Amino acid sequence: MSVRLLCIGECMIEMAPQHDGRYAMGYAGDTFNTAWYARRAAGPGIEVAYLTAIGDDAASQGLEAFIRAAGITPELTVRPDRTIGLYLITLSQGERSFSYWRDSSAARTLADELDDLPGVGPGDMVSFSGITLAILPAAGRDRLLAAVTRARARGARVAFDPNIRPLLWPDAAAMRASIMQAAALSDIVLPSFEDEAAAFGDATPAATADRYAGAGAAMVVVKNGPGPVHLREGGTTAQIVPPPAPRVVDTTAAGDSFNARVLVGLLRGEPPADATAAACALAGRVIGERGALAPV
Ligand code: AMP
C-alpha cells in the first residue's frame, strides 16, 4: 500500500539559454518542480501524482510524456481549445529575467469541473501553491479550495506554499486574502520569508510563522535563503541552519525542491526537524546546478 502525494498547479514549457546562445526546451513550474523532486526523493512507498490541464496538441502531449517518464502519475484534464503555457529565460550580465506566455494556458481551467481530488484518501497528501491559486479564475479557486477541504475531511494532509507573485494577482488585497484563506485550510505552510515580508510586512520569520499558525496551520516552515529555516510546529519552534552552499549557480527551484523533501519526509514519518534539515541539504545541491530540474 503506498500513500499518494498529489501536487496541483501549472507546468509550462521552459526555454532556457545555453552557453552557445541557443535555447533548450524543458518543462517546469513551481508545483511540478516539487512533484519532480519528490518523485526522486521518495521511495517506492510513495506515489507522486500531478494534477493540471493541458491541450491536445503536440506540445501538451510532450508534457504528458515527460510527466510519465519522470515516474509521476498524470491526472490531466484535456482542453482541445487550449495549450500549455511557456516561459523564456533571458540572461543579461549573469542576471536571469523571465518572460511568460500563460494568459490563456490550459492550466487556468484545471479546476473548472473539479469535484473530488483523484485518489486522495486518509494518509495521503495534497500540495498546491499561491501560483496555483493566482492563475485560476475566482470560481476555479473556490472549487479547488472546496475540493482540498473535502480531501482533508477524508484524512489527507494539506500542504501550501504561498509562493507570492504579486504580478499574477489583480491587486495586493485580493492576493493576501486568497493566500490567508488557503493557509487556513492547510496543515503545513511553507512560505519564503523575503516574499512574506514584502507582501505582509512581517518583520521576522517568526512573525511569518505566527501569522500562518494564527490562521490555523499546525506546521509552518519558513524558508529564508541562506538564513536559518524557522520551523514552527504546534507551540514549539526550531531554527535549522542550511549548510553553506559550495556554489550558487542558479537558485531556481530552491524552494520547490525544499518543499518536496519536507513533504516526502513527513509522509515517511520523519520528525519535522529532520525532514527540514534534509530539505536544506537538497536545496543546497539544487542551487549548485543550472535549471529548475537538476538531477542532484
Ligand atoms: P528560498 O526559497 O530562497 O528561501 O530558499 C529555499 C531553501 O533553499 C532555503 O531554505 C535553503 O535551505 C536553500 N537555500 C537558498 N539559498 C541558499 C544559499 N545561498 N545557501 C544555502 N542554501 C540556500
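The structure presented is a predicted model; accordingly, all values stated were derived computationally and were not measured. (Residues numbered from 1 in each chain as written. Predicted model: local features only at pLDDT ≥ 70, side-chain atom pairs only at ≥ 80, totals over all residues. Heavy atoms only, no water.)

A. A look at the overall build of the protein chain. When its secondary structure is counted, the protein chain shows nine helices and 13 strands. Each of the three principal axes of the protein chain carries a C-alpha extent, and together these read 50 × 45 × 45 Å. Out of the 296 residues belonging to the protein chain, those deemed buried represent 52%. Within the protein chain, counting contacts between residues at least 6 apart in sequence, those at least 24 apart form 68% of the total. As presented, the protein chain carries roughly 12300 Å² of accessible surface, and 55% of it is formed by carbon and sulfur atoms. (Helix = DSSP H or I, 4+ residues; strand = E, 2+ residues; numbered from the N terminus. Buried < 20%, exposed > 50% of the residue type's maximum accessible area, 1.4 Å probe, protein only. Contact = heavy atoms within 4.5 Å. Areas by Shrake-Rupley, 256 points an atom, 1.4 Å probe, with all protein chains shown as cover.)

B. The arrangement of the side chain of Thr208 in detail. Counting through the fold element by element, Thr208 comes out in helix H7 (residues 205–215). Using a relative accessible area of 0% as the deciding quantity, one classes Thr208 as buried. The residues contacting Thr208, other than those within four sequence positions of it, are Pro191, Phe193, Glu196, Asp202 and Val222.

C. A look at the sheet that holds strand E9 (residues 157–161). Pairing within the open sheet is mixed, and its nine strands lie in the order E5-E4-E1-E8-E9-E10-E11-E12-E13. Edge positions in the sheet fall to strand E5 (73–78) and strand E13 (236–240), since each has one partner strand and no second. Two strands pair when backbone bridges link them, and strand E1 (residues 3–8) and strand E4 (residues 46–54) are joined in this way by six bridges, in the parallel orientation. Residue pairing for E4: Cys7 is matched across the bridge by Tyr50. (Pairing = 2+ DSSP bridges.)

D. Spatial organisation of the nonpolar core. Ranked by size, the top nonpolar core spans 50 residues in total, and within it Leu5, Phe32, Tyr37, Tyr50, Ile72, Ile188 and Phe258 carry the most contacts. With sequence-adjacent residues up to four places away left out, Tyr37 is seen in contact with Ala253, Ser257, Ala260, Val286, Ala292, Leu293 and Ala294. Ala134, Ile135, Ala147 and Val189 belong to the second largest nonpolar core, which has 43 residues in total. (Core = buried A, V, L, I, M, F, W, Y, C linked by side-chain atoms within 4.5 Å.)

E. Fine view of the site of the ligand. Around the ligand, the surrounding shell holds 16 residues, and the nearest of these are Ser192, Lys223, Asn224, Gly225 and Ala283. The contact in question runs from an oxygen atom of the ligand to an N or O atom on the side chain of Ser192, over 3.0 Å. Protein chains bury 84% of the 480 Å² of accessible surface belonging to the ligand in isolation. At the level of elements, helix H8 (254–268) and helix H9 (272–286) are the ones that each hand at least two residues to the shell around the ligand. (Near = heavy atom within 4 Å. Polar contact = N/O pair within 3.5 Å; in protein donor to acceptor, adjacent residues only side chain to side chain.)

F. Geometry of the pairing of strand E3 (residues 23–28). Strand direction decides the pairing type here: strand E2 (residues 12–17) and E3, joined by six bridges, are antiparallel. Each bridged residue has a counterpart across the sheet, and for Glu14 the counterpart in E3 is Gly26. In textbook terms, the turn of a hairpin is the stretch between consecutive antiparallel strands, and for E2 and E3 this stretch comprises five residues, one of which, Gly21, has a positive phi near 90°.

G. View of the packing of aromatic side chains. All chains considered together, the criterion is met by nine aromatic pairs. Judged by centre distance (5.1 Å) and plane angle (40°), the ring pair of Tyr27 and Phe66 falls under tilted. Taken as a pair, Tyr27 in strand E3 and Phe66 in helix H2 (residues 58–69) lie far apart in primary sequence, 39 residues in all. The class for Tyr27 is buried, based on a relative accessible area of 11%. Phe66 gets classed as partly exposed once you look at its relative accessible area, which sits at 29%. Here Arg211 stacks its cationic end above the ring of Phe200, 3.7 Å away from the centre of that ring. Here the basic side chain of Arg211 rests over the ring of Tyr212, its NZ or CZ set 4.4 Å away from the ring centre. (Phe/Tyr/Trp six-rings, centres within 6.5 Å; stacked < 30°, edge-to-face > 60°. Lys NZ or Arg CZ within 6 Å of the ring centre and 35° of its normal.)

H. Examining helix H1 (residues 30–41) more closely. In this model H1 runs 17 Å from its N-terminal to its C-terminal C-alpha over twelve residues, within 8% of the 16 Å that 1.5 Å per residue would give. Here H1 has its buried residues at Asp30, Thr31, Phe32, Asn33, Thr34, Ala35, Trp36, Tyr37, Ala38 and Arg39. (Expected span 1.5 Å × (residues − 1).)

I. Region of the structure containing the sheet that holds strand E7 (residues 95–101). Taking strand neighbours across the sheet as the criterion, the four strands line up as E3-E2-E6-E7 in an open arrangement whose pairing is mixed. Of all strands in the sheet, those with a lone pairing partner are E3 and E7, marking the two edges. Taken over all neighbouring pairs, the strand axes of this sheet differ in orientation by 25° on average, direction set aside. Two strands pair when backbone bridges link them, and strand E6 (residues 86–92) and E7 are joined in this way by seven bridges, in the antiparallel orientation. What sits directly across from Leu86, in E7, is Trp101. (Axes fitted to C-alpha atoms, helices over the stretch in contact; angles between N-to-C directions.)

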